[in-house]
Amino acid sequence: MKLKEQEIENQIENPVKSQKEKQSDKITIKIHRIMKFYARHIYEQFFSLLKWLLFAIIAGVGVGGVSSAFAIAMNVATEYRSSHLWVFCFLPIGGLVIVAMYSAFHYKNDKGTNLVLSMIHAKADIPFKMAPLIFMATTITHFFGGSAGREGAALQLGGSIGNQLGRWFHLDEQDKHVLVMCGMSAAFAALFGTPMAAAIFAMEVVSVGVMYYAALLPCVFSSIIASRLSISMGIDPEAFHIVDIPELHIVTGSKMMVIAAICGVLSIVFCILLHTTGDLFRKYLKNPYIRIVAASFIIMMLTFILWTDDYMGAGINVIERAIEGEADASSFFWKMIFTALTIEAGFKGGEIVPSFFIGATFGCAFGHLIGLSPSLCGATGMIAMFCGVTNCPITSMMIAFELFGFEAVPYFLIAISISFVTSGYYGLYHDQTIVYSKYKAKFVNRNTVM
């Protein structure tokens with residue numbers, strides 16, 4: 001009787017125990033799945049961190065080294081020209097060499113920095129041969145006194161090398177685009193010694209309103225590495241000192257708003273002048289050899305009439321004088337003319353440093369006119385003009401802080417915000433996309449106006 005009772009008891013208890021075991025197994029399996037899920041994600045994130053740190057180091061050292069060598073070449077070419085002004089008479093010869101070089105490489109349709117932006121938008125590819133071409137062509141331009149900047153060449157150098165690194169490591173298209181931005185940041189940082197601005201610029205310039213945050217880590221590290229490398233190679237970072245910063249109140253703030261608004265309009269004029277000059281050259285002087293020689297003689301004639309070398313090369317010395325409070329009232333106008341003739345004729349370089357020149361000289365001259373610190377107006381005019389032509393307000397802030405410090409922050413913020421709005425949808429780069437409107441919280445997704 002007791003045995004039967006025990007059997008019945010076991011039959012009753014075993015199913016209960018089985019149910020508890022099943023429940024325990026389910027919980028164990030669930031915990032295991034959760035741990036596996038988080039372990040996989042942690043591994044992926046850690047792998048991504050290591051991958052982009054590695055590529056940032058490679059880009060920072062590789063692009064930074066080439067860009068530093070490029071900066072040294074620019075300095076040597078500028079110093080030689082400044083002490084031997086007679087080389088300017090051979091500007092047409094330099095132009096012919098540049099056209100011949102591009103023809104020899106079968107690369108006649110040069111879109112400049114636009115090509116780098118097209119690559120990031122997956123609309124074009126950047127040939128690796130662009131790197132040595134733009135290096136040599138920009139050096140020639142500066143050596144013979146063409147009125148151009150150097151950052152455009154640096155961005156193309158960085159983009160070309162970054163794209164080639166992506167090919168060598170067999171990266172997919174998205175990662176290759178990030179590496180192109182990484183190269184752009186490294187080149188910009190090596191050239192100007194402004195790693196904060198360099199890291200942000202590559203992410204911001206492509207699509208206004210939407211930043212490529214996936215590129216943040218590699219852009220930051222590559223720009224820091226490249227800037228430190230350039231310093232170790234003897235290239236001093238750019239820095240300026242504002243002589244007089246008045247207290248901000250309604251009068252000084254209002255004057256700054258006027259300067260910023262005019263700089264915004266000037267950025268439109270500069271962009272239109274560049275694109276219109278290029279269209280006219282291509283329409284009436286279709287042969288690139290004739291075009292660059294004709295433009296060279298016009299540049300030489302204007303230089304001899306004005307009898308100054310201020311408009312040769314990038315004009316960093318003129319920018320320095322403007323920040324110190326000295327600038328000719330017409331300098332900004334002539335720099336626009338000389339730069340448009342130089343760049344659109346076929347010489348190589350960039351438009352950003354000339355925009356610094358235009359903004360700094362105009363701001364300084366206008367500051368004298370309205371009774372506001374010419375040095376401060378030169379600095380804010382320079383930043384406002386940069387913001388207007390690139391549509392990059394965050395980068396503009398970073399450049400202002402790195403070049404001028406933080407004492408004039410309120411004035412910089414006023415200048416940048418006003419210029420950003422008044423410059424409209426114009427810009428240096430046609431392949432730059434305005435994703436969100438500057439005036440309403442709405443999606444517009446349009447290219448800048450040519």
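In the block above lies the structure referred to throughout.
Heads up: these notes are all about the structure in this document. (Residues numbered from 1 in each chain as written. Predicted model: local features only at pLDDT ≥ 70, side-chain atom pairs only at ≥ 80, totals over all residues. Heavy atoms only, no water.)

**Here's the deal with the overall build of the chain**
Move 1: Helix and strand counts for the chain come out as 16 helices and three strands.
Move 2: Taken across its 450 residues, the chain has 53% of its residues classed as buried.
Move 3: Once local pairs closer than 6 in sequence are excluded, the contacts in the chain between residues at least 24 apart make up 77%.
Move 4: Total accessible area on the chain is roughly 20,200 Å²; 66% of this is exposed by carbon and sulfur atoms. (Helix = DSSP H or I, 4+ residues; strand = E, 2+ residues; numbered from the N terminus. Buried < 20%, exposed > 50% of the residue type's maximum accessible area, 1.4 Å probe, protein only. Contact = heavy atoms within 4.5 Å. Areas by Shrake-Rupley, 256 points an atom, 1.4 Å probe, with all protein chains shown as cover.)

**Description of the pattern of salt bridges**
Move 1: The full count for this structure, using the stated rule, is six salt bridges.
Move 2: Its salt-bridge partner being Asp175, residue Lys51 comes within 2.9 Å of it at the nearest N-O pair. Highlighted residues: Lys51 in helix H1 (residues 2–83) and Asp175 in helix H6 (residues 173–192), separated in sequence by 124 residues.
Move 3: Here Glu344 ties to Arg282 by a salt bridge, and the two come within 4.0 Å at their closest N and O atoms. Of this pair, Glu344 sits in helix H12 (residues 331–345) while Arg282 sits in helix H9 (residues 250–284), and the two are 62 residues apart along the sequence.
Move 4: One connected set of salt bridges, linked through shared partners, spans Asp279, Arg282 and Glu344. (Salt bridge = Lys/Arg side-chain N within 4 Å of Asp/Glu carboxyl O.)

**Some words on the state of the cysteines**
Here, disulfide denotes a covalent bond that connects the sulfur atoms of two cysteines.
Move 1: Considering all chains together, one arrives at zero disulfides under this definition.
Move 2: Between Cys263, a cysteine without a disulfide, and Cys377, which holds the nearest cysteine sulfur, the sulfur-to-sulfur distance is 9.2 Å.
Move 3: With no disulfide of its own, Cys364 has Cys377 as its nearest cysteine by sulfur position, at a separation of 8.1 Å.
Move 4: On the basis of relative accessibility, which here comes to 0%, the residue Cys364 falls in the buried class. (Disulfide = S-S within 2.5 Å.)

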